[in-house]
Amino acid sequence: MTLQSPLIVSALQKSYAGKRVVDGLNLELVRGECFGLLGPNGAGKTTTLRCCLGLTTPDSGAITLVGLPVPAQAREARASIGVVPQFDNLDPDFTAAENLLVYGRYFGLSDADIRPKIPELLEFAGLAGKENANIRTLSGGMKRRLTLARALVNDPDLLVLDEPTTAAPAGTTFDLGAFEALVESGQNHIADHSFHGRSRAPLSAPCHNGCRTDDDYRPAA
């Protein structure tokens, strides 16, 4: 991928039942940046991410994801994206390693390409030695970290996190230093984060100079 912005959004609008939930959003990511969409429940954060990934069709506006127009070429663009969904959707019948292996196949990766990555991804997620652990035996925090590791299996150009701490049990901590290392390596992140529920530090806080929030984000009143 070139140094061009991995995500450009211009004048994005989306309404449901006549209510505007995304109102003229403009944003452009800088390569190697961690970008946060911050706001309360119902502000349109998840809708924005779904539009950016081509999973929801916007009413108007333009989206370019890893150099490709969305939704026209969303499928091709998503091949270069890693996604951490709001709620974990790991396969409970597989081990931790098998979840990574099967997920990698969806991107057309061969087992020979995926298997060498598995120990490194599990170590990144703080799950070293859990290769053969069944998903049902993992704690909620472990499952959340495995979902993050899974999103990196295709070595994505952009990592998208939808409410990354929402599904984590109370007291769960994340190695945010690992996110900093990814940013320093040139990988981009875009995440949404809500000001609701139990107290959470702003997503941008641990990323230091590599982070910014969307000051232009204006949800409908």
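Before reading on, note that the structure itself is shown above.
Residues numbered from 1 in each chain as written. Predicted model: local features only at pLDDT ≥ 70, side-chain atom pairs only at ≥ 80, totals over all residues. Heavy atoms only, no water.

What about the sheet that holds strand S2 (residues 19–28)?
Judged by pairing direction, the sheet is antiparallel, and its four strands sit side by side in the order S2-S1-S4-S5 without closing on themselves. Each end of this open sheet is capped by a strand with a single partner; those strands are S2 and strand S5 (68–70). Pairwise comparison of adjacent strand axes, ignoring direction, gives a mean angle of 25° for this sheet. Judged from the seven bridges that link them, strand S1 (residues 7–16) and S2 form a sheet pairing that is antiparallel. Among the inter-strand pairings, Tyr16 is bridged to a residue of S2, identified as Lys19. With respect to the sheet, helix H1 (residues 45–52) is in contact with S1, S2, strand S4 (60–65) and S5, its orientation differing from that of S1 by roughly 120°. (Pairing = 2+ DSSP bridges. Helix = DSSP H or I, 4+ residues; strand = E, 2+ residues; numbered from the N terminus. Axes fitted to C-alpha atoms, helices over the stretch in contact; angles between N-to-C directions. Contact = heavy atoms within 4.5 Å.)

Focus on helix H6 (residues 140–151)
Over its twelve residues, H6 runs 17 Å from end to end, which matches the ideal 16 Å to within 8%, given 1.5 Å per residue. The set of residues buried in H6 consists of Gly141, Arg144, Leu146, Thr147, Leu148, Ala149, Arg150 and Ala151. (Expected span 1.5 Å × (residues − 1). Buried < 20%, exposed > 50% of the residue type's maximum accessible area, 1.4 Å probe, protein only.)

Describing the pattern of salt bridges
Across all of its chains, the model carries six salt bridges by this definition. Across the pair Lys14 and Asp59 runs a salt bridge, and its minimum N-O distance is 3.8 Å. Placement of the pair is Lys14 in strand S1 and Asp59 in the loop between H1 and S4, with a sequence separation of 45 residues. Residue classification places Lys14 among the buried positions, given a relative accessible area of 11%. Relative accessible area serves as the criterion here: at 46%, Asp59 is assigned to the partly exposed category. Salt bridges sharing common partners tie together Arg105, Asp111 and Arg115. (Salt bridge = Lys/Arg side-chain N within 4 Å of Asp/Glu carboxyl O.)

Quick look at the side chain of Asn154
Topologically, Asn154 is positioned in the loop between H6 and strand S7 (158–162). From its side chain, Asn154 meets the backbone oxygen of Ala79 in a polar contact 3.2 Å long. Once residues within four sequence positions are removed from consideration, Asn154 is found in contact with Ala79, Ser80, Ile81, Gly82, Phe107, Leu109 and Lys117. (Polar contact = N/O pair within 3.5 Å; in protein donor to acceptor, adjacent residues only side chain to side chain.)

What to know about the nonpolar core
For soluble globular proteins, nonpolar side chains are generally found buried alongside one another. Core analysis: the biggest nonpolar cluster contains 24 residues, and Val84, Leu100, Ile118, Leu121, Leu122, Leu146 and Leu159 have the highest contact counts within it. Only helix H3 (96–105), helix H5 (118–124), H6 and S7 provide two or more residues apiece to this core. Counting residues per element, this core draws most heavily on H3, at five residues. Not counting the four nearest positions on each side in its chain, Leu100 is found in contact with Ile114, Ile118, Leu121, Leu122, Leu146, Ala149, Arg150 and Val153. Listed in part, the 23 residues of the second largest apolar core include Leu27, Leu53, Val66 and Val70. (Core = buried A, V, L, I, M, F, W, Y, C linked by side-chain atoms within 4.5 Å.)

A word on the packing of H3 against H6
Between H3 and H6, whose axes approach to 9 Å, the crossing angle comes to 30°. By the criterion of interaxial angle, the relationship of H3 to H6 is roughly parallel. Crossing hand, H3 versus H6: right-handed. Residues Ala96, Asn99, Leu100 and Tyr103 of H3 form the contact with H6, whose own contacting residues are Leu146, Ala149 and Arg150. Taken together, the residues of the contact of H3 with H6 break down into five nonpolar, one polar and one charged. (Parallel < 35°, antiparallel > 145°, perpendicular 65-115°, else oblique. Left-handed = near helix turned anticlockwise from the far one by under 90°. Nonpolar A, V, L, I, M, F, W, Y, C, P; charged D, E, K, R; others polar.)

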